[in-house]
Amino acid sequence: MTKNSQPKHTPLISQFLKIKKEQPDALLLFRMGDFYETFFDDAKRASKILGITLTTRDKNKATGVPLAGFPYHALDTYLKKLLDNGIKVAICEQVEDPKKTKKLVKRKIVEVITPGTILEDNYLNSSNNNFLTSIFPENDKWGIASIDISTGEFSCTEINAKNLIDELVRIHPSEILIPENQISNIEKRMRGFYNPVFTEYESWRFDFVEAENILKQHFAVASLDGFGLKSNYLAISAAASVLSYIQGLKGDENNHLTNITFYSAENSLQVDSISRHNLELIKSIQTKEKSGTLLDAINKTNTPMGNRLLQHWLLNPLIEKHKIEQRLNAVEELLNNEQIKNAIIEIISEIGDMERIIGKVGSKKVYPRDLNALKEYLQFAHPLADILKIVKSELLCDLHNSIQNFDEVVLLIDNAICDEAPPTITAGGIFKENYNNELDELRSISKNGKSWIAKLESEEREKTKIERLKIKFNNVFGYFIEISNRQTDKVPESYIRKQTLVNSERYITPELKEYENKVLGAEERIKQIEHSLFNDIREKMIKFINRMQKFTTIIAKLDVLTNFAQLAYYNNYVKPTISNDTEIIIKDARHPVVEKLISEEEFIPNDIYLNNKSDRILLITGPNMAGKSTYLRQVGLIVIMAHIGCYIPASKATISITDKIFTRVGASDNLALGQSTFLVEMIETANILHNATPRSLILLDEVGRGTSTFDGLSIAWAVVEYLHENQKIAAKTLFATHYHELTELADLFDGVKNYNITVNEWKDKIIFLRKVLPGAADQSYGIQVAKLAGIPNKVIERAKEILSELEKNELTTTNKVERTKRKLKTNIQTDFLDYLSNKASEKNDILEKLHKVDINNLSPLEALNFLSEIKKKL
């Protein structure tokens, strides 16, 4: 072979290479008889991911074509593995019967599947949406559009560039469409959270005019104003790119994408990804699973739609008072009317994932059993409407008034589809008798073939008087009449000789030949007719999609609202009062997750009072394990629960409308981005200080613990001071700390209050009382906590000795710094100056510096830094 010559391939491999060009970035599953085969680089990838043998189609492995395959009936198993590994898959089928051709069988790609475009139930998690998200940039803003093709949800927004990653983490798409040359930047920033699949697209193809036309054409509208999209250039471009991507893979079979919603982050309580993580809303910090999260604690929904809607509500809490109260009032009515609540639950418990069945109707992937299930679910519309006739609350009345009549679609399915319909459209037996005359006739022929032949055989014997006349069949000649040579003289003239054998003759008749044609073609014709009839049903179902989608929304909302009512009943939750004022007042607050996890002891409830004036910053002190973090988190979780319209774990509460919740809790690093624990802590704290508002709730736990004591105390002090003095923030704040020096801030600033988690000390042991009371803790009980944790006694005893030395001021340099910090009292600058002046009386240059200090304009942080400088000089 010359240097520039191309290798010669077999016709089969040439066919593969030609089809592969249609989807070069996809792994091509090439149907060959009872197997799906992969070749070349696809084979190498498939072999590694699927754990299947890599071989060649040539005895010479050095020059042969790499090959790896698996049985066609194992497609579900292997396809899921490929999709879970983020692989785009193209399925290539044989599109003609190999038995009917002596040439190379025709093949074509029948479906392309990516992680974000999955429709099959086997590959989807019913608890979660499966979003495909496109992002479209311009300057410092991004358009974002997301589609769950399995449910038909389609939404878009525009955000500032700094919030892009946070919004993507909230949406949690399995696949992200991203403009060319942007992947490396976005992928690196996403790495610290999770690893979606990234797919590049050419952003220049979606300028505003073209993008707008793509959406108008799909929705068949003259304007996008009805969707809330007017001048949202970036959102429209992102929406057009994600829709075009799906159309390129699935064609125009996206009839369930009937609506697009424009949303704004400002219309919901904003909880950034770090705070969602710290509060463990939907994923546990330890296990990375839903167990042990708020979602897990409050989720007893009965339908997949309700399950997904509850998760959506948790990630998008309301901030409009009226809408929150609508939900709360609906829950109250359901709680007070057990008969209505139980009747609704009884019905919706019988309803499966109707939303995804409708998605399959829209994509023309629905199967007979799906339609039967859909028929059963739609029949619940009448009884639900009857139950809701007597409701009074605004939201429940709206849901009742939105229920439509589905008699037409129920009748369509019921008249056509067998009650015991097959799971596919190729197995036969889809349609009921009397639905189609030709189908009934062919079924009769196929079913009664043997009896018809036996009857004909009997009639022919009687007519010809040939006792041993037999009607037989083989694959070569089909049906024939066989007569022995001794009786051929009795053969009627109407018989046509077909074959002569040694001892007999074979004949056919026009009647037998006609029946043969019917019988031999019956099964194939039955499949063709059923396929055609079922496609007609699919087409007829499309016009009902929008109405059915609205019904699934009603079911989902009823599911979540009855779930909230059940939670309130069984867990002793109460209805919060929602206020536009600035107070958060919660009596006997409990942690909704922790109280379910502890079984050996009763959860100790605590009160909380916050406002934007007198009680704006609460400093919480107390030892480790006493419950400071639990207290902070439970306040955040209760505020979120109230904003989604859920009753809360307390005896009474007034919750002010909150725009943002920020948390800085625990120690963590981000090795993927090369960020240390302390750097992560400072980044999180900086985010809070830059973005909080007077309507925000800030939960800070142990700020400054990731560095040296002196630096940490300085930072913690300065953060509290900044939160107090900066009126642009002026946010309600819970600040848990081990730095007891910070408790002095309550004497310095109005609006700063001290609280502590109480403990009792008994025989060198501590008993955690878990009660939050006014005042500062007097010590940290660190050694006692270390003992509880199982630190060896030898270490504990030595720690006590060192502590005693510290308390007796027997350590020099470090201890002097600590004593100096403890000396900073109400008038910190004056005490600071007097203290240093006494210690440096013989140092004129230092005294000169001290006298020049303007103590009236010296902040605590500046005082501490100045002290450090003087200490070095001394």
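Up top is the structure these notes are about.
Before going into details, it helps to say that this report is about the structure given with it.

So, how was this worked out
- Residues numbered from 1 in each chain as written.
- Predicted model: local features only at pLDDT ≥ 70, side-chain atom pairs only at ≥ 80, totals over all residues.
- Heavy atoms only, no water.
- Helix = DSSP H or I, 4+ residues; strand = E, 2+ residues; numbered from the N terminus.
- Buried < 20%, exposed > 50% of the residue type's maximum accessible area, 1.4 Å probe, protein only.
- Arc of directions from axis to C-beta.
- Contact = heavy atoms within 4.5 Å.
- Pairing = 2+ DSSP bridges.
- Core = buried A, V, L, I, M, F, W, Y, C linked by side-chain atoms within 4.5 Å.
- 1 Å grid on protein atoms, 1.4 Å probe; cavity = no way out; pocket = protein on both sides within 12 Å on 5 of 7 lines; lining within 4 Å.
- Points joined across faces, edges and corners; volume = space filled by probe spheres on them.
- Nonpolar A, V, L, I, M, F, W, Y, C, P; charged D, E, K, R; others polar.

## Quick word on unusual backbone geometry
Here's step 1: Of note, the phi angle at K288 is positive, near 65°, even though the residue is not glycine.
Here's step 2: You can see K288 is positioned in the loop between α8 (273-279) and α9 (294-298).
Here's step 3: Residues other than glycine seldom take positive phi values, yet K465 does so here, at roughly 65°.
Here's step 4: Mapping K465 onto the fold places it in the loop between α19 (449-464) and β14 (470-474).
Here's step 5: Overall, the relative accessible area of 53% leaves K465 in the exposed class.

## Section: helix α1 (residues 11-20)
Here's step 1: Along α1, the residues classified as buried are L12, I13, Q15, F16, I19 and K20. Seen end-on, α1 carries its buried residues on one side only, within an arc spanning 155°. α1 presents P11 and K18 as exposed residues on the side facing more than 90 degrees away from its buried surface.
Here's step 2: Where α1 is buried, its residues meet β1 (27-32), β2 (35-39), α2 (40-50), β5 (89-94) and β6 (107-113).

## Side note on the pairing of strand β22 (residues 652-656)
Here's step 1: Pairing analysis gives three bridges linking strand β18 (residues 577-579) to β22, with the strands arranged parallel. Looking at β22, one finds that I578 is bridged to I655.
Here's step 2: For strand β19 (residues 584-589) and β22, the ladder comprises three bridges, and the chain directions are antiparallel. Of the residues in β22, the one forming a bridge with I585 is T654.

## What to know about the nonpolar core
Here's step 1: One finds M354, L374 and M541 to be the most contacted residues of the largest nonpolar core, which totals 130 residues.
Here's step 2: With 13 residues, helix α21 (residues 545-571) is the largest single contributor of residues to this core.
Here's step 3: In terms of nonpolar packing, the next biggest core, distinct from the first, is built from 45 residues, I147, I149, L224 and A235 among them.

## What about empty space enclosed by the protein?
Here's step 1: Following the criterion strictly, the structure yields one cavity of 30 Å³ or more and no others.
Here's step 2: One number sums up the size of the largest cavity: a volume of about 30 Å³.
Here's step 3: As for the largest cavity, its lining consists of D272, I274, S275, F662, T663, E684, N687 and I688.
Here's step 4: Listing elements by their share of the lining of the largest cavity, those giving two or more residues are α8, β23 (660-664) and α24 (677-691).
Here's step 5: Tallying contributions element by element places α24 first for the lining of the largest cavity, with three residues.
Here's step 6: Here the residues of the lining of the largest cavity are counted per class, giving three nonpolar, three polar and two charged.

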